[in-house]
Amino acid sequence: MKVVRKQRDADASRQRVWEAAAVAFAERGYDGAKVDAIAASAGVNKAMLYYHFADKLTLYRAILKDMFAAVGRATTAVRSAGGPPDVQLRGYVDAMVRAAEARPHFPSIWLREVAEAGRNLDPDIFAELRGVLANLAGILQAGSRQLRWRTVDPFLIQAGIAAPIMLVLATRAIRTRAGISAADSDDLTVLTDHFTRMTLATLAPKPRSAR
C-alpha cells in the first residue's frame, strides 16, 4: 500500500512539474523560463524536479514530443481507418486541432521555437515530425492517384494547416483584450471545417483554361 501511495505521489508531483513548466515555457520561452520558478510553481524542490527530468532541456523537449507523438498517433489512426481522401484529410486536420486544444500551452511554445529556428529540437522530435508529415503525404498521394487533387509538396500543405491553427489558438488572450469576437474560432468543429475547406481549395485541380 505504501509503495502504491508513493508511486501515486511521484506521478502527481511529476504532473505538477509538467504543467508548471508548460505554462512557463509558453509565457517566457525556453531561455526565460527558470527552473527555480518552475519548481516553486509546482510546489516541489529542484531535487524533485531533477528526479523527474534530468534538466530543463529534457523537460522542454518532453513537452514538445508529447504533442507531436499525440498528433502522430491520431493521424496514424486516421490513415489506418481508411476511407476517401477528403474524409482522411478532415480527420488529419481535426487531429491537429484537438491535440493543440488539449495542450493550450503548445501553440505559444511552438511559435517561439519556430522563430528561433528550432534550436532546441532533437532527433526524437524530428522523427515524430517526419512521421506526422508522412501520414499527410499518404493522404495527399491517395487523392492525387484518384485524380481528385493536384500534386503539392506535403510540407507546404502541412504549413498551411498547422500555422493558422497555432496562430488562432495562441491569440485567444490577444483577441479577448482587443474585443474581437471569438465565438466561431473557439469551436473546434468550426476550426476543423474551416481549415479543411482551405486545404481542399488549395488541392483542387486547376481549371483546364488556367493550365
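All of the points below concern the structure found in this document. Everything numeric in this text was worked out from a predicted model, so none of it was measured.

Parameters at a glance
- Numbers given for residues are sequential positions, taken from 1 along each chain in its written order.
- With pLDDT at 70 or above as the cut-off, local features in this predicted model cover only qualifying residues; side-chain atom pairs require 80 or more to be listed or tallied, and sums for whole chains, interfaces and linings still use all residues.
- Side-chain calculation: all heavy atoms of the structure are included, whereas hydrogens and water are not.
- Note on aromatic contacts: the rings of Phe and Tyr and the six-membered ring of Trp form a pair at centre separations within 6.5 Å, being stacked when their planes are under 30 degrees apart, edge-to-face when over 60 apart, and tilted otherwise.
- By the criteria applied, helices consist of DSSP H or I runs no shorter than four residues and strands consist of E runs no shorter than two, each listed in order from the N terminus.
- Think of it as a cone above the ring: NZ of Lys or CZ of Arg counts as a charge over the ring if it is within 6 Å of the ring centre and within 35 degrees of the ring normal.
- A simple rule labels every residue: compare its accessible area, found with a 1.4 Å probe on the protein chains alone, to the largest value its type can have, and call it buried under 20%, exposed over 50%, or partly exposed in between.
- Read the arc as the range of directions from the helix axis to the C-beta atoms.
- Each polar contact in these results corresponds to two N or O atoms within 3.5 Å; when the atoms are within protein, one needs to be able to donate a hydrogen and the other to accept it, and residues that are neighboring in sequence are counted only if both atoms are side-chain atoms.

**Brief notes about the packing of aromatic side chains**
And step 1. Counted under the stated rule, the structure contains seven aromatic pairs.
And step 2. Seen in terms of ring centroids, Tyr30 and Tyr60 are 5.0 Å apart; in terms of plane orientation they differ by 65°. Their pairing is edge-to-face. Highlighted residues: Tyr30 in helix H1 (residues 2–32) and Tyr60 in helix H4 (residues 56–81), separated in sequence by 30 residues.
And step 3. The rings of Phe25, Tyr30 and Tyr60 are connected pair by pair, giving a single aromatic cluster.
And step 4. Positioned over the ring face of Tyr30 is Lys56, at 4.4 Å from the centre of the ring.

**As for helix H6 (residues 106–115)**
An α-helix turns once per 3.6 residues; consequently, residues spaced three or four apart project the same way.
And step 1. Residues of H6 that are buried: Phe106, Pro107, Ile109, Trp110 and Glu113. The buried side chains of H6 occupy one side of the element, clustering within an arc of 160° when seen end-on.
And step 2. Ala117 sits one or two positions beyond H6 and adopts a positive phi of about 60°.

**Focus on the environment of Thr151**
And step 1. As for its placement among the helices and strands, Thr151 is situated in the loop between helix H7 (123–145) and helix H8 (154–170).
And step 2. Separated by 16 residues in the primary sequence, Thr151 and Asn135 place their C-alpha atoms 15 Å from one another.
And step 3. There is a polar contact of 3.1 Å between the side chain of Thr151 and the side chain of Ser144.

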